[in-house]
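Okay, here's what each chain looks like letter by letter:
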Amino acid sequence: MTWWQIVLLVVGINWGVPLLAWLYPLPMWLIFKDFVFDGWHGPFAKFRLATDKDTDDPIEPWHANAWRGWGGVGLHWYMCYRWHNPRTELHEGGHCWQQLACGLMWWVIYFVHMGWIVVTQRIKGKPYTRHAYLDSIWERMARKRAGQPVELTPKDWPHGKKDLWPWW
Ligand SMILES: [Zn+2]
């Protein structure tokens, strides 16, 4: 392979593989009807959970459990949320722009950076001062864009001072 073929391959993988992200919302919208198309955020599609006809509450399909307590998720080309909230839209739209700029590398940077925070905090020992998720550069940028508080101290962490990592 010549150098420019390698460059094309790397660029193709970095921005081509994220097209697979469409495999999540399209069937949920078009086939299973769990999602309702909710318009556009710049170039990014918005999907919200379908609501119960009687109570108007979002119907929580099995796959929405994977969002945990989050109001929404931004994945490359679209965002999906339980119900529309302007701050959630701005926050998740921020992640979409980040992912458009970085492609697949966004995930590498996200988890390497998170891991770095965990490792350095474990070495430093308690009390922990940085949160793996809340102090992520990506999350700080998204919160700033959405007008959400950027600087958070351990007392603001959802599960208190012991909360270093969002998944345990
Ligand atoms: Zn976020």
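This report concerns the structure included in the present document.

Cut-off values and rules
Residues numbered from 1 in each chain as written. Predicted model: local features only at pLDDT ≥ 70, side-chain atom pairs only at ≥ 80, totals over all residues. Helix = DSSP H or I, 4+ residues; strand = E, 2+ residues; numbered from the N terminus. Buried ≥ 20, exposed ≤ 12 C-beta atoms within 10 Å, placed from the backbone. Pairing = 2+ DSSP bridges. Axes fitted to C-alpha atoms, helices over the stretch in contact; angles between N-to-C directions. Contact = placed C-beta atoms within 7 Å. Core = buried A, V, L, I, M, F, W, Y, C linked by C-beta atoms within 7 Å.

Notes on the overall build of the protein
Link 1 in the chain: When its secondary structure is counted, the protein shows 5 helices and 4 strands.
Link 2 in the chain: For the protein, the α and β elements follow one another from N to C terminus as α-α-β-β-β-β-α-α-α.
Link 3 in the chain: In terms of principal-axis extent, the alpha carbons of the protein reach across some 55 × 50 × 30 Å.
Link 4 in the chain: In the protein, which comprises 168 residues, the proportion classed as buried is 19%.

Observations concerning the sheet that holds strand β2 (residues 44-49)
Link 1 in the chain: The mixed open sheet is built from 4 strands, whose spatial order is β1-β2-β4-β3. Of all strands in the sheet, those bounded by a partner on one side alone are β1 (35-41) and β3 (72-75). If you compare each strand with its neighbour and ignore which way they point, the axes differ by 20° on average.
Link 2 in the chain: Pairing geometry for β2 and strand β4 (residues 78-81), over 4 bridges, is parallel. Within β4, the position partnered with Ala 45 by the bridge is Tyr 78.
Link 3 in the chain: Where helix α3 (residues 86-102) meets the sheet, its contacts fall on β1, β2, β3 and β4, and the angle it forms with β3 comes to roughly 25°.

Brief notes about the pairing of β2
Link 1 in the chain: Pairing geometry for β1 and β2, over 5 bridges, is antiparallel. Directly across from Phe 37, in β2, lies its bridge partner Phe 47.
Link 2 in the chain: The hairpin turn running from β1 into β2, its antiparallel successor, is 2 residues long, and Gly 42 in that turn takes a positive phi close to 60°.

Quick word on the nonpolar core
Link 1 in the chain: Phe 35, Phe 44, Phe 47, Leu 49, Tyr 78, Met 79, Cys 80, Tyr 81 and Cys 96 form the largest nonpolar core, which has 9 residues in total.
Link 2 in the chain: Residue assignment for this core shows that the elements contributing at least two residues are β2 and β4.
Link 3 in the chain: What Cys 96 contacts, discounting residues up to four positions off in sequence, is Phe 44, Gly 74, His 76 and Met 79.

Some thoughts on unusual backbone geometry
Glycine aside, the phi torsion of most residues is negative, and most peptide linkages are trans.
Link 1 in the chain: At the junction of Lys 126 and Pro 127, the peptide bond is cis and its omega measures out at 0° in the coordinates.
Link 2 in the chain: Here the phi dihedral of Lys 33 falls at roughly 60°; this positive angle occurs in a residue that is not glycine.
Link 3 in the chain: One non-glycine residue, His 76, lies in the positive phi region at around 65°.

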